[in-house]
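Coordinate analysis (summary)
Spelled out from the first residue to the last, the chains are:
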Amino acid sequence: MGKSILRVDKVDVHYGDFRALWDVSLDVEEAQVVSIIGANGAGKSTLLNTIAGVKKPSRGTVQFKGKTINGVAPYQTVVEGISLVPEGRRVFPRLTVLENLEIGSYTPKARRRKREALSKIYELFPILDERKYQLSSTLSGGEQQMLAIGRALMSWPQLILFDELSLGLAPVVIKQIYQKVKQINVDGITVLLVEQDIQRSLKAAHKVYVMQSGRIRLEGRPETLSQEEIREAYFGLGGLNAKDPSGKDPLKG
Amino acid sequence: MLSVLAGLKNPIMNGLLLGGLYGIVGIGMSMIFGIVRVVNLAHGDLVILASYLSFVMLSIFGVSPLLTLVLVIPAMFLIGFIIQYYLVNRVLGKDMNPPLLVAFGLSIILQNLLLLIFTPDARTLLTDLSIATLPVGGFLSIPVVYLVDFVVALVTILLLSRFFTRTYLGKAIRAASDDEGAAELMGINPKRIYAWAMAIAGGTAAIAGVLVGMTFTFYPHTGPDYLIIAFGVVIVGGLGSLLGTFLGGLILGLAQLVGAHFLGPGFQLISGYIILLIVLALKPTGLFSKG
C-alpha cells in the first residue's frame, strides 16, 4: 500500500439549501489513478471542485499531503500542488496556445521552471508545439482538451484532477488522451478523474468510487468489483432494472 | 466641390488628432468594463483629478505639464489600485448595481472634493505648446498641442498593448477577463488582478488628464463630460482591443469636427452622438469588437 496523498473525510457540500454531497469520504494514494464514476448530477464534479477549492464544504475536511485545505481558494490550492482540468476544458479563447500554457505556470514556483515544463508538454502533445501561436479558440475539441491538460501540468502538480475528460470528444481522440493520462501518471503524478464513460475509467483506474445522488455508493479496485455491483451503485435502489436518464446502458458506454 | 474638400482638410486633420485624445480618455474605461465588467462612472472624474494633480505639481515645480506625468502616473496608479482593492472589489458579485453605485458615489465625492480644494474657477495646464501651430506644406495648420495629444495617446496605447501581450501580469489580466474561474484555477487571484487593472486604468487616466488639461480648460465638474466621451469611444470602438478603442476615438473626434464644420460649432457634440446612434443601430457591439 502506498502513501495517502489526498483524504476527503465526511464532507457535505451545499448549493444554497440544496445538499449536493452527503458524508463523502475518499482516499487517494500517491501515484495512483483513481476514478469517480456516476450518472449526471451524482455530485462528481462538485467533489472535484471541493478538492480544488472552488466549492467550500459545509462539513468535513479535505486533507492534501496531511494538510487541511478546505476553505482554501483555488488560486492557492494550485500552489499546494493540485491542478484541476475543468469540465468543458475552459481554455482562454482569446489567448494563444502558448499564452494559455504560460498562464498555467503563473505561480512563482512554476514560473521558474516554465521552459522545462513547456518542453515536457510539447513532448507529450506535439500538436501544441505546432499550434503554439494560434488562438486557442481555433483548436478542435480534442486539441483544446490537450491544451487544458497541458495548461494544468504547467504548474507542476502532484495531484491532477480531470473533470469529464472524454465529454464531447471522438472515440479516437478519447483513446489518445487516455494514453497520455497514463503517461502523466507513470511520470509520478497522482490522477483523480471523473468520468461518465465507465468502461474507460474502469480500465484506467487503480481504484474506483461509484457515486449516486451525492453519496459514495461503492469503492474498490476495479478487478474486484462485479458488473452487477457497479450497476446497482450507479443507479441506486431498484438496481438492475433501472435505466440511466439518458437511456443508455452505462456499462456498454 | 473642390473648395468644399479644401475646407474639409482642417476639420479632418484636427478631428483625427482630437480623436487620439478621446481614445486615451476612453481606454481606461474600456479596460475596466472589459476586464472587471464594471461601468466606472467615476472615470471622467479620475481624468480631471489627474488634471488637478498635474496643476498642483506645475505650481510647485514650474516644469512642462508633460513632465509632471512622472509623478501623476504613479499617483493615479496607486489611487486606482486602492479604489478597486478596497472599494469596488467588496461589492463585486452577480449584481451589477452595487459597483455602479460605488463608482457613482466616488464620482460625486471627487467632484466636491475638487470643488472644495480648488474652487470652481477654470484652470488650464499652461504650456507654450497651447498656442503654437505647425504649418504643414503651406495649406494646413495643425495646433501643436493636438499633435502632442495624438502622439502621446498613440504611444501609450502601443505600450499598453505590448504590456498585455508580453508580461505575465498582462496575460493574466487577459486570462481573467476571458474566464475568471479558469484563471483562478491557474493560481490567479482575480480580485488582485482587478486591482492591477484599475491601477493601469488610473495610469491611463493620468495621461488623459494631463493632455486634457493642456488642451482645454477644466473645472471640478468637467469629469462627466469626459465620461460621456469615454462612453462614446467604448460604444463606437467596441470592447476587445486597445486599437479598436483608439480607432473609436478617432471616429468620434472626426465626426465631431466634420459635423461642426458643416453645421456650425454648436453641432460639434451632437454630430458625434449621431454617429454613436448610427453605430448602435447597425453594430451594437461596436465597430471593432471581437467575438
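Quick note: structure is the one above.
My aim in this report is to walk through the structure given alongside it, one point at a time. (Residues numbered from 1 in each chain as written. Chains lettered and ligands numbered in written order. Predicted model: local features only at pLDDT ≥ 70, side-chain atom pairs only at ≥ 80, totals over all residues.)

Take the overall build of chain A next. From N to C terminus, chain A includes 10 helices and 10 strands. In terms of overall dimensions, chain A is globule-like: its C-alpha atoms have a radius of gyration of 18 Å, near the 18 Å expected for 253 residues. With the principal axes as the frame, chain A shows a C-alpha extent of 55 × 40 × 40 Å. Buried positions account for 46% of the 253 residues belonging to chain A. (Helix = DSSP H or I, 4+ residues; strand = E, 2+ residues; numbered from the N terminus. Rg over C-alpha atoms; globule rule 2.2 N^0.38 Å. Buried ≥ 20, exposed ≤ 12 C-beta atoms within 10 Å, placed from the backbone.)

Turning our eyes to something else, we now look at the interface of chain A and chain B. Of the residues lining the interface, 19 residues belong to chain A; the matching set on chain B comes to 15 residues. Among the secondary structure elements, those contributing two or more residues to the side of chain A that touches chain B are helix H2 (74–80) and helix H3 (97–104) of chain A. Looking at the side of chain A that touches chain B, its residues break down into 12 nonpolar, three polar and four charged. (Contact = placed C-beta atoms within 7 Å. Nonpolar A, V, L, I, M, F, W, Y, C, P; charged D, E, K, R; others polar.)

All names here are of chain B. Where helix H9 (residues 223–237) meets helix H11 (residues 268–282), the closest approach of the two axes is 9 Å, and the angle between their N-to-C directions is 35°. H9 and H11 meet at a crossing whose hand is left-handed. Touching Gly-232, Ile-235 and Val-236 of H9 are Gly-272, Ile-275, Leu-276, Val-279 and Leu-280, all from H11. Residues of the contact of H9 with H11, tallied by class, amount to six nonpolar, two polar and no charged. (Axes fitted to C-alpha atoms, helices over the stretch in contact; angles between N-to-C directions. Left-handed = near helix turned anticlockwise from the far one by under 90°.)

Here we come to the pairing of strand E4 (residues 59–64) of chain A. For a regular strand, side chains alternate in direction, first toward one face of the sheet and then toward the other. All names here are of chain A. Bridge count for strand E1 (residues 4–15) against E4 is five bridges, and the pairing is antiparallel. Directly across from Asp-9, in E4, lies its bridge partner Thr-61. Pairing geometry for E4 and strand E5 (residues 67–68), over two bridges, is antiparallel. Considered in E5, the bridge of Phe-64 is made with Lys-67. Connecting the antiparallel pair E4 and E5 is a turn made up of two residues, with Lys-65 showing a positive phi of about 50°. (Pairing = 2+ DSSP bridges.)

Turning our eyes to something else, we now look at the pairing of strand E8 (residues 190–195) of chain A. Residue and element names in this part refer to chain A. Burial analysis of E8 places six of its six residues in the buried class, which makes it a mostly covered element. Side chains Thr-190, Leu-192 and Val-194 of E8 all project onto a buried face; the interleaved residues Val-191, Leu-193 and Glu-195 project onto the opposite face, where all are buried too. As paired strands, strand E3 (residues 33–37) and E8 are joined by five bridges and run parallel to one another. Its bridge partner being in E8, Val-34 is matched across the sheet by Leu-192.

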